[in-house]
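What the coordinates show
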Amino acid sequence: EGVTIHRGTAPGSVTRVGAGCFLMAYAHIAHNCTLGERVIVGNNVKLAGHVAISDRAFLSGGVGVHQFCRIGRLAMLGGNCKATQDCLPFVIVDGVPARSAGLNVVGLRRAGVSAAQIRTLREAYRLLLRSALLRDEALTRMAALGEPLVEELVAFVRGGKRGFCHAGRGGQATGRPGGVGEGADS
């Protein structure tokens, strides 16, 4: 359906698409991108070079992702959003520029994440994106929650070089519902 996938640019480099990915019409996967398993890429999505997308992320139609950005596991990017920074795992991102808009609760439930784990992720989201804490203090408090999914989120933030999409005013990206605990994955 007109999907383009470019090869790696340097000798020995590759572009990887994991098992079970669904690439819809006219999606563009540029050079040296890496897609994990079961990633959904909607119509007209544009991934610049060296983008890394983790397992089960969902990119809605028309999304544009800047080079060298990372998209976390079970992240959901809303239609036509423009991601120029990393998109956190387990979070809905939307808008131009992209902003975190809440947890991807529906996606988490579909992935088998328990209600208790989702509650702990909500607290981690609040600490990182809705409190007045400095980043390092928020990450320290998040790590103390003792939840492996939160530890994954902490490691993602610490491993970033481009920064990540912060929350818009009121925890919303575009004025639509989507505060902590709200959200859909499609």
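Refer to the structure presented above.
It should be emphasised that the depicted structure is a prediction, and the values quoted were computed from it without experimental measurement.

1. Comments concerning the sheet that holds strand S9 (residues 58–59)
Sheet architecture is open: 6 strands sit in the order S3-S6-S9-S12-S14-S15, paired in mixed fashion. Looking at the sheet topology across the chains shown, the edges are occupied by strand S3 (22–23) and strand S15 (99–103). Summarising the sheet, strand S6 (residues 40–41) and S9 pair through 2 bridges and their orientation is parallel. Bridging across to S9, Val41 finds its partner in Leu59. Set on the sheet, helix H2 (residues 115–130) makes contact with strand S14 (91–94) and S15; between it and S15 the angle comes to about 155°.

2. Concerning the packing of aromatic side chains
Across all of its chains, the model carries 0 aromatic pairs by this definition. If you follow Arg70 out to its NZ or CZ, it ends over the ring of Phe156, 3.9 Å from the centre.

3. Re the pattern of salt bridges
By the definition in use, this model includes 5 salt bridges. Across the pair Asp86 and Arg70 runs a salt bridge, and its minimum N-O distance is 2.9 Å. Residue Asp86 is located in the loop between strand S13 (82–83) and S14, and its partner Arg70 is located in strand S11 (residues 70–71); the two are separated by 16 residues in the primary sequence. Residue class for Arg70 comes out partly exposed when judged on its relative accessible area of 21%. The partner of Glu123 in a salt bridge is Arg126, with the nearest N and O atoms 2.7 Å apart. Highlighted residues: Glu123 and Arg126, both in helix H2, separated by 3 residues, approximately one helical turn. Since its relative accessible area comes to 29%, Glu123 is described here as partly exposed.

4. A look at the environment of Val63
Examined against the element boundaries, Val63 turns out to sit in the loop between S9 and strand S10 (64–65). Val63 gets classed as buried once you look at its relative accessible area, which sits at 0%. In sequence terms Val63 and Ala98 are 35 residues apart; their C-alpha atoms lie 9.8 Å from each other. Not counting chain neighbours up to four residues away, the residues in contact with Val63 comprise Asn44, Val45, Lys46, Leu77, Gly78, Asn80 and Cys81.

5. Overview of the pairing of S15
Across the 5 residues of S15, 4 count as buried, placing the element largely inside the fold. With 4 bridges joining them, S14 and S15 adopt antiparallel strand pairing. Its bridge partner lying in S15, Ile92 is registered against Gly102. Here S14 folds back onto S15, and the loop between the two strands holds 4 residues, one of which, Gly95, carries a positive phi near 105°.

6. Re the sheet that holds strand S2 (residues 16–17)
Taken together, the 4 strands give an open sheet; going across it, the order is S2-S5-S8-S11, and neighbouring strands pair in parallel fashion. Edge positions in the sheet fall to S2 and S11, since each has one partner strand and no second. Where strand S8 (residues 52–53) lies against S11, 2 bridges are found, and the strand directions are parallel. Across the sheet, the residue bridging to Ala52 is Arg70, located in S11.

7. Describing helix H4 (residues 148–158)
For H4, every residue scored as buried is listed here: Leu149, Val150, Leu153, Val154, Phe156 and Val157. Summarising the axial view, the buried residues of H4 lie within an arc of 160°, below the 170-degree limit, and thus occupy one face. Among the structural elements, S11, H2 and helix H3 (135–143) are those in contact with the buried residues of H4. Sitting at the amino-terminal end of H4 is Glu147, which places a side-chain oxygen 3.1 Å from the backbone nitrogen of Leu149.

Analysis parameters
- Residues numbered from 1 in each chain as written.
- Predicted model: local features only at pLDDT ≥ 70, side-chain atom pairs only at ≥ 80, totals over all residues.
- Heavy atoms only, no water.
- Pairing = 2+ DSSP bridges.
- Helix = DSSP H or I, 4+ residues; strand = E, 2+ residues; numbered from the N terminus.
- Contact = heavy atoms within 4.5 Å.
- Axes fitted to C-alpha atoms, helices over the stretch in contact; angles between N-to-C directions.
- Phe/Tyr/Trp six-rings, centres within 6.5 Å; stacked < 30°, edge-to-face > 60°.
- Lys NZ or Arg CZ within 6 Å of the ring centre and 35° of its normal.
- Salt bridge = Lys/Arg side-chain N within 4 Å of Asp/Glu carboxyl O.
- Buried < 20%, exposed > 50% of the residue type's maximum accessible area, 1.4 Å probe, protein only.
- Arc of directions from axis to C-beta.
- Polar contact = N/O pair within 3.5 Å; in protein donor to acceptor, adjacent residues only side chain to side chain.

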